[in-house]
Amino acid sequence: MPAPGAYPFGETVVRLRRGPSPGRDARGQPIPGPLLELPVQGVVVTPRQESPQVGGDQQQARDTVIVGWTVYDPTGGDWATTDQVRIRGVLCDITGEPGDWGRSPFTGSRGVVQFAADRVTG
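Residues numbered from 1 in each chain as written. Predicted model: local features only at pLDDT ≥ 70, side-chain atom pairs only at ≥ 80, totals over all residues. Heavy atoms only, no water.

Some points on the overall build of the chain
A tally of regular secondary structure across the chain gives one helix and six strands. Sequence-ordered secondary structure for the chain, helices as α and strands as β, is β-β-α-β-β-β-β. When burial is assessed residue by residue, the chain has 27% of its 122 residues classed as buried. Relative to all contacts within the chain whose residues are 6 or more apart in sequence, the contacts with residues 24 or more apart total 54%. Here the chain displays about 8,200 Å² of accessible surface, and carbon together with sulfur accounts for 54% of that area. (Helix = DSSP H or I, 4+ residues; strand = E, 2+ residues; numbered from the N terminus. Buried < 20%, exposed > 50% of the residue type's maximum accessible area, 1.4 Å probe, protein only. Contact = heavy atoms within 4.5 Å. Areas by Shrake-Rupley, 256 points an atom, 1.4 Å probe, with all protein chains shown as cover.)

A closer look at the pattern of salt bridges
According to the stated counting rule, one finds six salt bridges in the structure shown. Here arginine 17 makes a salt bridge to aspartate 78, at a shortest N to O gap of 2.9 Å. A residue pair is termed long-range when its members are at least 10 positions apart, and arginine 17 in strand β1 (residues 11–18) and aspartate 78 in the loop between β3 (66–73) and β4 (84–87) qualify at 61 residues. For arginine 48, the salt bridge goes to aspartate 118, with nearest N and O atoms at 2.4 Å. With a gap of 70 residues between them, arginine 48 in strand β2 (residues 35–49) and aspartate 118 in strand β6 (residues 113–119) connect regions that are remote in the sequence. (Salt bridge = Lys/Arg side-chain N within 4 Å of Asp/Glu carboxyl O.)

Re unusual backbone geometry
Most peptide bonds take the trans configuration, and most residues that are not glycine carry a negative phi. Positive phi values are uncommon outside glycine, yet arginine 88 reaches one of about 55 degrees. Relative to the helices and strands, arginine 88 is located in the loop between β4 and β5 (90–100).

Regarding the nonpolar core
If you look at the biggest cluster of nonpolar residues, it comprises 15 residues, and the most contacted ones within it are Val13, Val45, Trp79, Val85, Ile87, Cys92 and Phe115. Excluding anything up to four places from it in sequence, isoleucine 87 contacts Val13, Val45, Trp69, Val71, Cys92 and Ala117. (Core = buried A, V, L, I, M, F, W, Y, C linked by side-chain atoms within 4.5 Å.)

A look at the packing of aromatic side chains
With the rule as written, the count across this model stands at one aromatic pair. Here the aromatic rings of tryptophan 79 and phenylalanine 115 are separated by 4.6 Å at their centres, their planes lie at 40 degrees, and the arrangement is tilted. Highlighted residues: tryptophan 79 in the loop between β3 and β4 and phenylalanine 115 in strand β6, separated in sequence by 36 residues. The same class applies to tryptophan 79 as to phenylalanine 115, namely buried. (Phe/Tyr/Trp six-rings, centres within 6.5 Å; stacked < 30°, edge-to-face > 60°.)

Section: the environment of tyrosine 72
For tyrosine 72, the position within the fold is in strand β3. With 40 residues separating them in the primary sequence, tyrosine 72 and valine 112 have C-alpha atoms 5.9 Å apart. Not counting residues within four places of it along the chain, the set of residues in contact with tyrosine 72 comprises Val43, Val44, Thr46, Val112, Val113 and Gln114.

Comments concerning the environment of arginine 15
Turning to its location among the elements, arginine 15 is positioned in strand β1. Judged by relative accessible area, which is 14%, arginine 15 ranks as buried. Residues arginine 15 and leucine 36, spaced 21 residues apart in sequence, show a C-alpha to C-alpha distance of 8.0 Å. Arginine 15 has contacts with Leu36, Glu37, Leu38, Asp78, Trp79, Asp83 and Gln84, leaving out every residue within four places of it along the chain. At a separation of 2.8 Å, a polar atom in the side chain of arginine 15 contacts the main-chain carbonyl oxygen of aspartate 78. (Polar contact = N/O pair within 3.5 Å; in protein donor to acceptor, adjacent residues only side chain to side chain.)

Purely spatial values, then, with no claim about function.
The structure is reproduced here in structure tokens:
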């Protein structure tokens, strides 16, 4: 069952976040914490395309280059730039700061949290 505020026909993505470090290694560096996975239901995922440069080759050839996804989480989820997200089985990094739309001045309802997700490469 989707969380309150989730879109009933949205999809499920998985937030991946490192848990607390269990300590330090022999060189004093923090040991990475366990990877915690949290399924988030009822989100909207849309393809994000690169904007072609005016007059550039992409505009002339009318090619659309998909560079990732834009995710809209209506549940107001806790997303951070250090998180990763699995979308449709593809592991992605969160690019930039997630944007919280806050509350609508017209309805008082909660707005979405929006972020860009790009495929992990390398």
